[in-house]
Amino acid sequence: MKLRSLKDVEAFKQAIGKCSNSVWLESVHGDKYDLKSAMSQYIGIAALLQDQNEELELFANGTQDQYILMEFLDGLSA
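Below you will find a few notes about this structure. (Residues numbered from 1 in each chain as written. Predicted model: local features only at pLDDT ≥ 70, side-chain atom pairs only at ≥ 80, totals over all residues. Heavy atoms only, no water.)

**Concerning the overall build of the chain**
Argument step 1. What the chain contains, in helices and strands, is 3 helices and 3 strands.
Argument step 2. In the chain, the order of α-helices and β-strands from amino to carboxyl end is α-β-β-α-β-α.
Argument step 3. Computed over C-alpha atoms, the radius of gyration of the chain comes to 11 Å, within 12% of the 12 Å expected from 2.2 N^0.38 for 78 residues, which places it in the range of a compact globule.
Argument step 4. In terms of principal-axis extent, the alpha carbons of the chain reach across some 25 × 25 × 20 Å.
Argument step 5. Out of the 78 residues belonging to the chain, those deemed buried represent 35%.
Argument step 6. Here the chain displays about 5,100 Å² of accessible surface, and carbon together with sulfur accounts for 50% of that area.
Argument step 7. Computed over 7 positive and 12 negative side-chain charges, the separation of the two mean positions in the chain equals 6 Å. (Helix = DSSP H or I, 4+ residues; strand = E, 2+ residues; numbered from the N terminus. Rg over C-alpha atoms; globule rule 2.2 N^0.38 Å. Buried < 20%, exposed > 50% of the residue type's maximum accessible area, 1.4 Å probe, protein only. Areas by Shrake-Rupley, 256 points an atom, 1.4 Å probe, with all protein chains shown as cover. Lys, Arg positive; Asp, Glu negative; His and termini not counted. Charge placed at Lys NZ, Arg CZ, Asp CG, Glu CD.)

So, in structure tokens, the structure goes:
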């Protein structure tokens, strides 16, 4: 996932805010960033912005939350 602008970052944060369960980023090295925690969210988004090889994966607990994030990703690619 590539966030290319401040608008993308804000839309990502809004999508996370709509989720009612856990949402996190996880690296191939096992680093996890809880996106529902304000401090961890800032650190995770910073890591995502620096992730040139797209090694961070996005996860969500709950079908509805996964749907919310998929809608965000669909809009991101448009």
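**Comments concerning the sheet that holds strand E3 (residues 57-60)**
Argument step 1. The 3 strands are arranged E2-E1-E3 in an open sheet whose pairing can be described as antiparallel. The open sheet is flanked by strand E2 (32-34) and E3, the only strands paired with a single partner. For this sheet the average axis-to-axis angle between neighbouring strands, irrespective of direction, equals 25°.
Argument step 2. Note that strand E1 (residues 23-26) and E2 share 3 bridges and pair antiparallel. The residue bridging Leu-25 from the neighbouring strand is Tyr-33, located in E2. (Pairing = 2+ DSSP bridges. Axes fitted to C-alpha atoms, helices over the stretch in contact; angles between N-to-C directions.)

**A short note on the packing of aromatic side chains**
Argument step 1. This structure, assessed with the given rule, holds 2 aromatic pairs.
Argument step 2. Between Trp-24 and Phe-59, the aromatic rings sit 5.5 Å apart at their centres with planes inclined by 15°, giving stacked as the arrangement. Residue Trp-24 is found in strand E1, and its partner Phe-59 is found in strand E3; the two are separated by 35 residues along the sequence.
Argument step 3. Residue classification places Phe-59 among the partly exposed residues on the basis of a relative accessible area of 30%. (Phe/Tyr/Trp six-rings, centres within 6.5 Å; stacked < 30°, edge-to-face > 60°.)

**A few points about the nonpolar core**
Argument step 1. With 20 residues, the main nonpolar core has Met-1, Leu-3, Phe-12, Val-23, Leu-25, Leu-48 and Phe-72 as its most contacted residues.
Argument step 2. At the level of elements, helix H1 (6-18), E1, helix H2 (38-50) and helix H3 (63-77) are the ones that each hand at least two residues to this core.
Argument step 3. Setting aside residues no more than four positions away along its own chain, Leu-25 makes contact with Met-1, Asp-31, Lys-32, Tyr-33, Leu-35, Gly-44, Leu-48, Leu-56, Glu-57 and Leu-58. (Core = buried A, V, L, I, M, F, W, Y, C linked by side-chain atoms within 4.5 Å. Contact = heavy atoms within 4.5 Å.)

**Quick word on the pairing of E1**
Argument step 1. Of the two faces of E1, only one is covered, namely that formed by Val-23 and Leu-25; the face formed by Trp-24 and Glu-26 stays uncovered.
Argument step 2. In the sheet, E1 pairs with E3 via 4 bridges, with the strands oriented antiparallel. Residue pairing for E3: Glu-26 is matched across the bridge by Glu-57.
Argument step 3. The hairpin turn running from E1 into E2, its antiparallel successor, is 5 residues long, and Gly-30 in that turn takes a positive phi close to 95°.

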